[in-house]
2 protein chains.
Amino acid sequence: MAKGQPEQPAVNPEAVDEVQQQPVPPDNGQRQFAQAVGDRVAEFLASRRAELSKISPDVVELIDAISDLSAGGKRMRANLCYWGFRGAGGFPESEQVITAGAALELFQSAALIHDDIIDNSDTRRGGPSVHRRFGALHVRRNWALDPDRFGRAAAILAGDMCLSFSEELFALATAVGMDEDNGKPGVDAGITNARGQGSRRARIVFDRMRAEVMAGQYLDVLEESAGPVRPAEGAVDRARAIIQYKSAKYSTEHPLVLGGALAGANDELLEQFSRFALPLGEAFQIRDDVLGVFGIPEKTGKPAGDDLREGKRTVLTGYTFQFASPEQAALLEQNLGNPDLNADQVWELRRIIEDCGALAATETLIEELSDQAFHALEELDVEPVVRNSLATIGKAAVRRVS
Amino acid sequence: MAKGQPEQPAVNPEAVDEVQQQPVPPDNGQRQFAQAVGDRVAEFLASRRAELSKISPDVVELIDAISDLSAGGKRMRANLCYWGFRGAGGFPESEQVITAGAALELFQSAALIHDDIIDNSDTRRGGPSVHRRFGALHVRRNWALDPDRFGRAAAILAGDMCLSFSEELFALATAVGMDEDNGKPGVDAGITNARGQGSRRARIVFDRMRAEVMAGQYLDVLEESAGPVRPAEGAVDRARAIIQYKSAKYSTEHPLVLGGALAGANDELLEQFSRFALPLGEAFQIRDDVLGVFGIPEKTGKPAGDDLREGKRTVLTGYTFQFASPEQAALLEQNLGNPDLNADQVWELRRIIEDCGALAATETLIEELSDQAFHALEELDVEPVVRNSLATIGKAAVRRVS
């Protein structure tokens with residue numbers, strides 16, 4: 001799962017400058033949409049909080065953890081869904097795409113909650129990760145038994161609840177009569193097209209997205225354990241397969257295509273969306289992996305070299321195993337996944353990754369993928385406001401420093 | 001989450017004998033239904049296996065873990081859904097209720113996978129729990145890093161995938177056109193009623209079920225930690241609230257009501273269903289808790305007194321804290337949740353629970369709840385075959401030894 005979210009430009013700004021881009025007007029609708037998505041998530045969670053607190057006031061802790069986490073984030077997935085929807089001619093102020101965007105945001109929250117347990121991460125979006133939050137609650141209240149175990153158990157359940165909530169919203173977004181229920185009969189393209197044909201396609205994308213991201217995350221976890229005993233020459237290919245499924249398709253391709261499907265896009269347009277979003281998503285994640293090793297802690301919010309301690313096997317480490325001397329490769333292998341790596345050791349590993357050419361090769365790959373994405377964007381058969389807005393999101397995704 | 005599944009009668013057979021019950025004819029349809037549900041789950045997982053194995057052959061391990069787990073179990077929830085559906089006049093061979101039953105079974109599998117991580121359980125349905133299965137895979141393949149950590153991470157993801165699959169099937173069961181797609185136009189009551197009104201209500205029940213069971217599980221986990229510092233006189237009430245949400249509603253009430261809603265039942269019938277199923281579910285779970293302390297290991301498949309080692313706070317322990325002497329209560333408090341309890345210590349705690357009258361009070365409660373359930377069953381406005389089949393399921397649920 002991608003740890004960061006795009007914001008500031010940096011690191012390698014030349015990579016994507018071929019795109020001819022007009023400035024996005026501030027009234028392109030995205031800001032209002034993102035706000036509406038945040039409001040929908042908040043309203044939905046508030047209503048569930050009111051209902052579930054009747055079971056026991058203790059239950060609100062679960063909902064509040066989900067709410068606080070979901071209030072953060074930059075809504076990249078929801079925004080891509082929005083532009084896919086608008087690119088396919090969907091009504092800009094559709095209630096349907098707001099609800100679908102809210103479902104995507106809650107899915108992301110659910111994935112982050114479980115991802116942080118798996119990666120043993122202490123922080124997320126500037127606050128404690130959900131399992132740490134519950135561990136701290138346990139300590140604060142002087143409860144019995146093990147705070148860490150309680151924290152993990154509560155976070156597993158919070159993630160499950162959040163995953164179910166996401167689904168609940170998605171079902172609402174694709175329900176027959178969504179167009180009627182929101183008082184705008186006929187304006188939501190997806191539903192009115194051939195008796196919910198758009199909604200059915202969006203459901204297929206949503207289901208595939210969930211299964212594929214979970215499969216990709218499994219491959220990621222597996223590679224940490226199995227990578228050391230598998231052939232080094234396959235490491236880059238394995239890392240790229242992981243990136244595609246756990247991140248690229250999920251973070252960019254599926255949201256954009258889902259939005260398009262919801263608005264009744266034809267196959268040709270959905271394929272154009274994929275040709276743009278898939279390489280963009282790959283570049284986005286590889287940038288994330290570079291930041292996980294070379295990022296500036298003040299910017300990324302994570303300790304320097306954190307991905308090395310976690311034992312993440314990425315394109316960057318894959319190239320290193322191929323390019324470095326046997327001694328250097330052995331040193332990396334020996335230290336990858338050592339949670340006690342100190343600053344000097346991180347420094348030493350970074351030097352190896354840089355000196356052998358692995359960092360340069362990785363930056364070249366990011367550049368190639370960005371080029372692919374932005375060439376595909378030029379071909380995209382959509383209104384200028386859609387293309388320009390996608391270009392802005394795309395640039396932020398590959399140029400970021402956090 | 002309930003650990004056992006109903007099967008053999010025993011322990012307290014008198015409790016439910018007031019019900020006048022005709023023998024259920026072997027052709028009541030339940031066996032064929034349960035078989036069809038198992039087939040649907042298997043077919044669905046096989047199709048996802050074929051798709052996801054294209055990502056990487058490694059991914060099949062996730063699906064196979066879900067398949068093996070889902071092949072077991074006695075389909076109590078699916079069967080209750082079936083009788084709710086038939087009780088409301090649904091077509092006995094409806095594809096829709098088979099698909100909804102399959103969704104319920106996969107939801108149960110997902111809950112069990114995560115529940116076993118939370119409870120640190122080694123076994124499930126006669127095999128290793130899913131996290132143990134992946135831990136063993138790690139050891140067998142000689143992978144690097146910690147097998148237990150890998151096992152838990154893989155099981156979190158397997159549970160997430162299973163939860164998504166459950167939802168996928170439920171969306172299919174309630175999709176517009178389910179009746180047309182299965183080639184039997186007009187026979188599925190839920191869909192043809194007022195443009196999917198039945199499906200909409202079933203969706204509400206399904207959503208509530210998921211949120212409530214997760215909330216109930218959280219309260220269960222919380223009580224293990226917070227119970228020791230909360231007032232003993234509230235322990236039985238807290239235990240009963242947990243039981244209602246994490247088990248009773250989920251295991252019996254929601255499946256039965258969901259089936260009824262799907263077939264377009266009116267409010268009156270759905271309320272009748274609840275009046276039967278809710279006390280039954282509570283009795284079912286309290287029986288489970290008694291078996292967790294007093295069950296015979298050869299029958300339950302779990303070590304003697306396993307719930308004591310896990311630190312489960314149940315009606316049984318709640319009564320003990322109320323009835324036992326201060327010294328005895330202190331001894332229980334001190335030992336509850338001690339994973340290293342030996343057989344002598346388990347024996348000693350059992351003696352305390354029995355001598356102070358907590359076991360007898362618990363059996364009385366099971367009896368009262370059973371009586372309530374079976375009186376409500378007599379009032380139920382359904383065909384004899386439905387009532388008799390529900391009586392059989394009900395008796396098995398409260399009389400079981402495993």
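Residues numbered from 1 in each chain as written. Chains lettered and ligands numbered in written order. Predicted model: local features only at pLDDT ≥ 70, side-chain atom pairs only at ≥ 80, totals over all residues. Heavy atoms only, no water.

### Some words on the overall build of chain A
Turning to step 1, where the next piece is worked out: Across its full length, chain A holds 18 helices and 2 strands.
Turning to step 2, where the next piece is worked out: Contacts in chain A between residues at least 24 apart in sequence constitute 78% of all its contacts with a sequence separation of at least 6.
Turning to step 3, where the next piece is worked out: When the accessible surface of chain A is split by element, carbon and sulfur atoms take 50% of a total near 14600 Å². (Helix = DSSP H or I, 4+ residues; strand = E, 2+ residues; numbered from the N terminus. Contact = heavy atoms within 4.5 Å. Areas by Shrake-Rupley, 256 points an atom, 1.4 Å probe, with all protein chains shown as cover.)

### With respect to the interface of chain A and chain B
Turning to step 1, where the next piece is worked out: Listed by partner, the interface residues are 58 residues for chain A and 57 residues for chain B.
Turning to step 2, where the next piece is worked out: A buried area of about 5300 Å², summed over both sides, lies between chain A and chain B, and 67% of it is on carbon and sulfur atoms.
Turning to step 3, where the next piece is worked out: Where aspartate 58 of chain B meets arginine 230 of chain A, a salt bridge forms, and the shortest distance between an N and an O atom there is 2.8 Å.
Turning to step 4, where the next piece is worked out: Applying the counting rule to chain A against chain B returns 10 residue pairs in polar contact (both at pLDDT 80 or more).
Turning to step 5, where the next piece is worked out: Only α2 (60-71), α4 (95-119), α5 (130-140), α6 (147-173), α7 (178-181) and α9 (197-226) of chain A provide two or more residues apiece to the side of chain A that touches chain B.
Turning to step 6, where the next piece is worked out: Looking at the side of chain A that touches chain B, the element that brings in the most residues is α9 of chain A, giving 16 residues.
Turning to step 7, where the next piece is worked out: Each residue belonging to the side of chain A that touches chain B can be placed in one class, and the counts come to 32 nonpolar, 9 polar and 17 charged. (Buried area = accessible area lost by both parts, 1.4 Å probe. Salt bridge = Lys/Arg side-chain N within 4 Å of Asp/Glu carboxyl O. Polar contact = N/O pair within 3.5 Å; in protein donor to acceptor, adjacent residues only side chain to side chain. Nonpolar A, V, L, I, M, F, W, Y, C, P; charged D, E, K, R; others polar.)

### Topic: the environment of glycine 292 of chain B
Turning to step 1, where the next piece is worked out: You can see glycine 292 of chain B is positioned in helix α11 (residues 267-294).
Turning to step 2, where the next piece is worked out: For glycine 292 of chain B and aspartate 306 of chain B, which are 14 residues apart along the polypeptide, the C-alpha to C-alpha distance reads 6.1 Å.

### Side note on the pattern of salt bridges
Turning to step 1, where the next piece is worked out: Within the structure shown, the criterion is met by 51 salt bridges over all chains.
Turning to step 2, where the next piece is worked out: Of the charged contacts in the structure, one is a salt bridge between glutamate 51 of chain B and arginine 48 of chain B, with a shortest N-O distance of 3.7 Å. Residue glutamate 51 of chain B and its partner arginine 48 of chain B are both found in helix α1 (residues 30-52); the two are separated by 3 residues, about one turn of the helix.
Turning to step 3, where the next piece is worked out: Judged by its relative accessible area of 15%, arginine 48 of chain B falls in the buried class.
Turning to step 4, where the next piece is worked out: In this structure, aspartate 207 of chain B engages arginine 203 of chain B in a salt bridge whose closest nitrogen and oxygen atoms are separated by 3.2 Å. Placement of both aspartate 207 of chain B and arginine 203 of chain B in helix α9 (residues 197-226) is noted, with a separation of 4 residues, approximately one turn of the helix.
Turning to step 5, where the next piece is worked out: Classification of arginine 203 of chain B as buried rests on a relative accessible area of 12%.
Turning to step 6, where the next piece is worked out: Salt bridges sharing common partners tie together Glu167, Arg203, Asp207 and Arg210 of chain A together with Glu167, Arg203, Asp207 and Arg210 of chain B. (Buried < 20%, exposed > 50% of the residue type's maximum accessible area, 1.4 Å probe, protein only.)

### Some points on the packing of aromatic side chains
Turning to step 1, where the next piece is worked out: Overall, the coordinates contain 22 aromatic pairs over all chains when judged by the stated rule.
Turning to step 2, where the next piece is worked out: Judged by centre distance (5.5 Å) and plane angle (80 degrees), the ring pair of tryptophan 143 of chain B and phenylalanine 150 of chain B falls under edge-to-face. The burial state of tryptophan 143 of chain B is the same as that of phenylalanine 150 of chain B; both residues are buried.
Turning to step 3, where the next piece is worked out: Each member of the aromatic cluster is reached from another via a ring pair, and the members are Phe134, Trp143 and Phe150 of chain A together with Tyr218 of chain B. (Phe/Tyr/Trp six-rings, centres within 6.5 Å; stacked < 30°, edge-to-face > 60°.)

### A few points about a positive patch on the surface
Turning to step 1, where the next piece is worked out: A cluster of basic residues, Arg149 and Arg152 of chain A together with Arg149 and Arg152 of chain B, forms a positive patch at the surface.
Turning to step 2, where the next piece is worked out: Among the secondary structure elements, those contributing two or more residues to the positive patch are α6 of chain A together with α6 (147-173) of chain B.
Turning to step 3, where the next piece is worked out: Checked against the element boundaries, arginine 149 of chain A lands in helix α6.
Turning to step 4, where the next piece is worked out: On the basis of relative accessibility, which here comes to 37%, the residue arginine 149 of chain A falls in the partly exposed class. (Patch = residues over 30% accessible without salt bridge, like charges linked within 9 Å, V, L, I, M, F, W, Y side chains within 5 Å. Lys, Arg positive; Asp, Glu negative; His and termini not counted. Charge placed at Lys NZ, Arg CZ, Asp CG, Glu CD.)

### Regarding the relation of the copies chain A and chain B
Turning to step 1, where the next piece is worked out: Superposition of chain A onto chain B requires a rotation of 180 degrees combined with a translation of 0.0 Å along the rotation axis, giving an RMSD of 0.0 Å. The relationship between the two copies is best expressed as a two-fold rotation axis.
Turning to step 2, where the next piece is worked out: With an isologous cut-off of 70% or more, the 98% of interface residues of chain A that recur at the interface of chain B puts this contact in the isologous class. (Least-squares fit on C-alpha atoms with pLDDT ≥ 70 in both.)

### Quick look at the nonpolar core
Turning to step 1, where the next piece is worked out: Ranked by size, the top nonpolar core spans 244 residues in total, and within it Phe165 and Tyr218 of chain A together with Phe165 of chain B carry the most contacts.
Turning to step 2, where the next piece is worked out: Setting aside its immediate chain neighbours within four residues, phenylalanine 165 of chain A contacts Phe44, Leu45, Arg48, Leu52, Ile63, Ile66 and Leu106 of chain A together with Ala211 of chain B. (Core = buried A, V, L, I, M, F, W, Y, C linked by side-chain atoms within 4.5 Å.)

### Let's talk about the side chain of histidine 254 of chain A
Turning to step 1, where the next piece is worked out: Here histidine 254 of chain A shows up in helix α10 (residues 235-262).
Turning to step 2, where the next piece is worked out: In this structure histidine 254 of chain A touches Val205, Arg208, Met209, Glu212 and Lys249 of chain A, once residues within four positions along its chain are discounted.

### Considerations on the packing of α1 of chain B against helix α4 (residues 95-119) of chain B
Residue and element names in this part refer to chain B.
Turning to step 1, where the next piece is worked out: Between α1 and α4, the shortest axis-to-axis distance is 8 Å and the interhelical angle comes to 70 degrees. Considering the angle they form, α1 stands roughly perpendicular to α4. As α1 runs across α4, the sense of the crossing is right-handed. In this structure, α1 uses Phe33, Ala36, Val37, Arg40, Val41, Phe44 and Leu45 to contact α4, whose residues at the interface are Glu95, Val97, Ile98, Thr99, Gly101, Ala102, Glu105 and Leu106.
Turning to step 2, where the next piece is worked out: Of the residues belonging to the contact of α1 with α4, the class tally is 10 nonpolar, 2 polar and 3 charged. (Axes fitted to C-alpha atoms, helices over the stretch in contact; angles between N-to-C directions. Parallel < 35°, antiparallel > 145°, perpendicular 65-115°, else oblique. Left-handed = near helix turned anticlockwise from the far one by under 90°.)

### Observations concerning α1 of chain B
Turning to step 1, where the next piece is worked out: Its 23 residues place the ends of α1 of chain B 33 Å apart at the C-alpha level, agreeing with the 33 Å of an ideal helix rising 1.5 Å per residue.
Turning to step 2, where the next piece is worked out: Listed as buried for α1 of chain B are Gln30, Phe33, Ala34, Val37, Gly38, Arg40, Val41, Phe44, Leu45, Arg48 and Leu52 of chain B.
Turning to step 3, where the next piece is worked out: Where α1 of chain B is buried, its residues touch α9 of chain A together with α2 (60-71), α3 (76-87), α4, α6 and α18 (384-399) of chain B. (Expected span 1.5 Å × (residues − 1).)

### Points about α4 of chain B
Residues and elements named next belong to chain B.
Turning to step 1, where the next piece is worked out: Relative to the 36 Å expected for 25 residues at 1.5 Å per residue, α4 spans 36 Å between its end C-alpha atoms, a close match to the ideal helical length.
Turning to step 2, where the next piece is worked out: In terms of residue burial, α4 counts as a mostly covered element, since 25 of its 25 residues are buried.
Turning to step 3, where the next piece is worked out: A distance of 2.9 Å separates the backbone nitrogen of glutamine 96 from a side-chain oxygen at the start of α4, and that oxygen is part of serine 94.
Turning to step 4, where the next piece is worked out: Positive backbone phi, approximately 60 degrees, marks asparagine 120, located one or two places after α4.

### Notes on the environment of arginine 240 of chain B
All names here are of chain B.
Turning to step 1, where the next piece is worked out: With respect to the helices and strands, arginine 240 occurs in helix α10 (residues 235-262).
Turning to step 2, where the next piece is worked out: Taking the relative accessible area as the measure of exposure, arginine 240 reaches 27% and is therefore partly exposed.
Turning to step 3, where the next piece is worked out: For the pair arginine 240 and glycine 318, spaced 78 residues apart in sequence, the C-alpha separation works out to 9.6 Å.

### A closer look at the state of the cysteines
Residue and element names in this part refer to chain A.
Turning to step 1, where the next piece is worked out: Evaluated as defined, the whole model comprises 0 disulfides over all chains.
Turning to step 2, where the next piece is worked out: Note on cysteine 162: no disulfide assigned, nearest cysteine sulfur contributed by cysteine 81 at a separation of 17 Å.
Turning to step 3, where the next piece is worked out: Classification of cysteine 162 by relative accessible area gives buried; the value is 0%. (Disulfide = S-S within 2.5 Å.)

### Some details on the confidence of the model for chain A
Residues and elements named next belong to chain A.
Turning to step 1, where the next piece is worked out: Confidence along chain A averages 88 in pLDDT terms, with 88% of residues attaining 70 or more.
Turning to step 2, where the next piece is worked out: Segment residues 1-22 is flagged for pLDDT under 50; beyond a separation of four residues in sequence, or across chains, it makes 85 contacts in the model.
Turning to step 3, where the next piece is worked out: Counted against residues more than four places away or in other chains, residues 179-195, with its pLDDT under 50, gives 42 contacts.
Turning to step 4, where the next piece is worked out: Quick note on the complex model: pTM equals 0.89, ipTM equals 0.89. (pLDDT = per-residue confidence, 0-100.)

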